[in-house]
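Letter by letter, the chains look like this.
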Amino acid sequence: MSLLDPDKRHRRSIRLPGYDYSQAGAYFVTLCTHGRESLLGEVVDGEMCLSAYGEIVREEWLRSADIRREIELDVWVVMPNHFHAVVHIIEANPDARRGDRPVAPTTPRGPTPKSLSSLMAGFKSAVTKRINATRGTPGAPFWQRNYYKHVIRDGEDLTYIREYVVNNPARWPENENHPSRL
C-alpha cells in the first residue's frame, strides 16, 4: 500500500543519491520563474534583451561570486522565463556533511554552508526580495520552488553544457520553456 496521496502531486528528488553537493566540482543549474512567466526579458534576433527584472538576476548572479569565495562563475544566461548557469565550487567545505544538514534539536535547518544548495538559496532569495520590492509584491514567489542541478562529470560534459548555455537564446523558439510550448 502506498503512503502517498494519489490526488496530490509529489516531488521527485533530482539530487544524485549520496552525492555531496558541497564538494569541489562543476555544476549546471537551471531556475524557472514561478509559473514560467516571461518576466526576465525577451529574445530578439537570437539575442537576449533583459528587462529590469532580468537585470536584477544578472546583477545578483555576478554579486554571488563577490560574496562567496568558494565559487567561480562560468557561462550563464538569463532567458525570458528561466536562468541557466555553470558554477564551480573551488573550495570544498571541510565541515560539510553529505547533503543538507541532518535535522536535530540543536542543529540549524537549511542547506550546508558553502554548498550548491546554499548558493542557490541565497541567490534565489536576493533576486526575489529585490524584484518583489520593485513590484510592490512582498512575499510573492518569483522562482519555482526547486531548481534543476546536474553534476558535470568531465570535460566533454562541460563543453557540451557550455555550448548549450551560450546558444540558448538563438534556440529560444525551440526551447521547452518557450511560452508557445507550455
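Residues numbered from 1 in each chain as written. Predicted model: local features only at pLDDT ≥ 70, side-chain atom pairs only at ≥ 80, totals over all residues. Heavy atoms only, no water.

**Side note on the sheet that holds strand β1 (residues 25-32)**
One open sheet accounts for four strands, arranged β4-β5-β1-β6; its pairing is antiparallel. Of all strands in the sheet, those with a lone pairing partner are β4 (71-78) and β6 (148-152), marking the two edges. Mean inter-strand twist for the sheet, computed between neighbouring axes without regard to direction, equals 15°. On top of the sheet, helix α1 (residues 52-67) reaches β4 and β5 (82-89); it is set at about 165° to β4, its chief contact. (Pairing = 2+ DSSP bridges. Helix = DSSP H or I, 4+ residues; strand = E, 2+ residues; numbered from the N terminus. Axes fitted to C-alpha atoms, helices over the stretch in contact; angles between N-to-C directions. Contact = heavy atoms within 4.5 Å.)

**So, the packing of α1 against helix α2 (residues 116-135)**
Between α1 and α2, the shortest axis-to-axis distance is 10 Å and the interhelical angle comes to 145°. The way α1 lies across α2 gives a crossing that is right-handed. Here Tyr 53, Ile 56, Val 57, Glu 59, Glu 60, Trp 61 and Ser 64 of α1 come into contact with α2, specifically with Leu 119, Met 120, Phe 123, Ala 126, Val 127, Arg 130, Ile 131, Thr 134 and Arg 135. Of the residues contributing to the contact of α1 with α2, the split by class is 10 nonpolar, two polar and four charged. (Left-handed = near helix turned anticlockwise from the far one by under 90°. Nonpolar A, V, L, I, M, F, W, Y, C, P; charged D, E, K, R; others polar.)

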